Amino acid sequence: GIRVDNIKCFEKEMSYIQNPDYLVDFQYLVSNLPDYFFEIPASSTGKYHPRYALGTGGLLRHTKAAVRIAYELLADPVIGDKYTSDEKDLMLIALCLHDGLKSGKDHSKYTQFDHPLLMANWIEEEKEHLHFNDEEIAFLQSVIASHMGCWTKDYDGNEVLPKPKTKYQNFVHMCDYLASRKCILLEFDENNNVIG
């Protein structure tokens, strides 16, 4: 079913989406994210993320930061005009979802290294509930699966995640990367929305 509270958390981000047909699927996917997504910090150690991404709701704030960075970059015609309106929408939706299963499906204590693949697979599993066509689903999966950039090896040194290759994969990775830099500090209001 649809969880309204989850959707409410992403009202601001939904206002960035131009294609009304995408909003139905976006709301469905967001409403089915695990509860922990809205509560845990972005980093279990605090080593890899700025202050705002730590503590309760940190992962949600990190996600919103990545989406806001994307939105601001895409608003610049020098950057944004390289993408169609639907491509921009899909990248924004992917950023909203990219860490949706960061602690796995069952909320393990630590970040699941393969969380980008878990999320990409989950979108495939939910396909029967979605209106996205096969191409749009493949687009979301590819940019989510590669969002970790050059950090593709698991804790045992095995190559697990794909590296970004396309301009879409690179853009999504760049926004996630910038949202994890300690030198870039965004401010948030009481509803976890980026101020400004």
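This report concerns the structure included in the present document. (Residues numbered from 1 in each chain as written. Predicted model: local features only at pLDDT ≥ 70, side-chain atom pairs only at ≥ 80, totals over all residues. Heavy atoms only, no water.)

Considerations on the pattern of salt bridges
Consideration 1: Enumeration over the complete set of coordinates arrives at eight salt bridges.
Consideration 2: Note that E125 and K105 form a salt bridge whose closest N and O atoms lie 2.8 Å from each other. With E125 in helix α7 (residues 115-125) and K105 in the loop between α6 (85-97) and α7, this pair connects stretches of sequence that are 20 residues apart.
Consideration 3: Taking the relative accessible area as the measure of exposure, E125 reaches 44% and is therefore partly exposed.
Consideration 4: Residue K105 is classed as partly exposed on the basis of its relative accessible area, which comes to 46%.
Consideration 5: Put simply, K153 and E159 hold a salt bridge, and the shortest N to O gap is 4.0 Å.
Consideration 6: Taking the relative accessible area as the measure of exposure, K153 reaches 48% and is therefore partly exposed. (Salt bridge = Lys/Arg side-chain N within 4 Å of Asp/Glu carboxyl O. Helix = DSSP H or I, 4+ residues; strand = E, 2+ residues; numbered from the N terminus. Buried < 20%, exposed > 50% of the residue type's maximum accessible area, 1.4 Å probe, protein only.)

Some remarks on the environment of A53
Consideration 1: Tracing the sequence through the fold places A53 in the loop between α3 (20-31) and α4 (58-75).
Consideration 2: Accessibility expressed as a relative area gives 0% for A53, which makes it buried.
Consideration 3: Counting along the chain gives 122 residues from A53 to C175, while the straight-line C-alpha distance between them is 15 Å.
Consideration 4: Excluding residues that lie within four positions of it along the chain, A53 makes contacts with P41, A42, S43, G58, L59 and H62. (Contact = heavy atoms within 4.5 Å.)

Remarks on the nonpolar core
Consideration 1: Membership of the largest hydrophobic core comes to 53 residues, with the highest contact counts inside it found for F10, L33, I93, L97, I123 and F132.
Consideration 2: The set of elements that each furnish at least two residues to this core consists of α3, α4, α6, α7, α8 (134-145) and α9 (167-179).
Consideration 3: Contacts of I123, omitting those with residues within four sequence positions, involve L97, L130, I137, L140 and I144. (Core = buried A, V, L, I, M, F, W, Y, C linked by side-chain atoms within 4.5 Å.)

Details of the packing of aromatic side chains
Consideration 1: One pass over the structure, following the stated rule, counts 12 aromatic pairs.
Consideration 2: Seen from their ring centres, Y52 and F188 are 5.0 Å apart, and the 45° between their planes marks the pair as tilted. With Y52 in the loop between α3 and α4 and F188 in the segment after α9, the pair connects residues that are 136 residues apart, well separated along the chain. For the residue pair Y52 and F188, the accessibility class agrees, reading buried in each case.
Consideration 3: Residues Y83 and Y168 carry aromatic rings whose centres are separated by 5.8 Å and whose planes lie at 55° to one another, so their mutual orientation is tilted. (Phe/Tyr/Trp six-rings, centres within 6.5 Å; stacked < 30°, edge-to-face > 60°.)

Here we look at the packing of α8 against α9
Consideration 1: Remark: α8 packs on α9, axes separated minimally by 8 Å, with the N-to-C direction vectors making an angle of 50°. As summarised for this structure, α8 and α9 are arranged oblique, according to the angle between their axes. For the pair α8 and α9, the crossing hand works out as right-handed. Of the residues in α9, those touching α8 at F139, S142 and V143 are Y168, Q169 and V172. (Axes fitted to C-alpha atoms, helices over the stretch in contact; angles between N-to-C directions. Parallel < 35°, antiparallel > 145°, perpendicular 65-115°, else oblique. Left-handed = near helix turned anticlockwise from the far one by under 90°.)

Focus on unusual backbone geometry
Consideration 1: Positive phi, close to 55°, is recorded for H107, a residue that is not glycine.
Consideration 2: The phi dihedral of N192 is positive, around 65°, even though this residue is not glycine.
Consideration 3: Within the secondary structure, N192 sits in the segment after α9.

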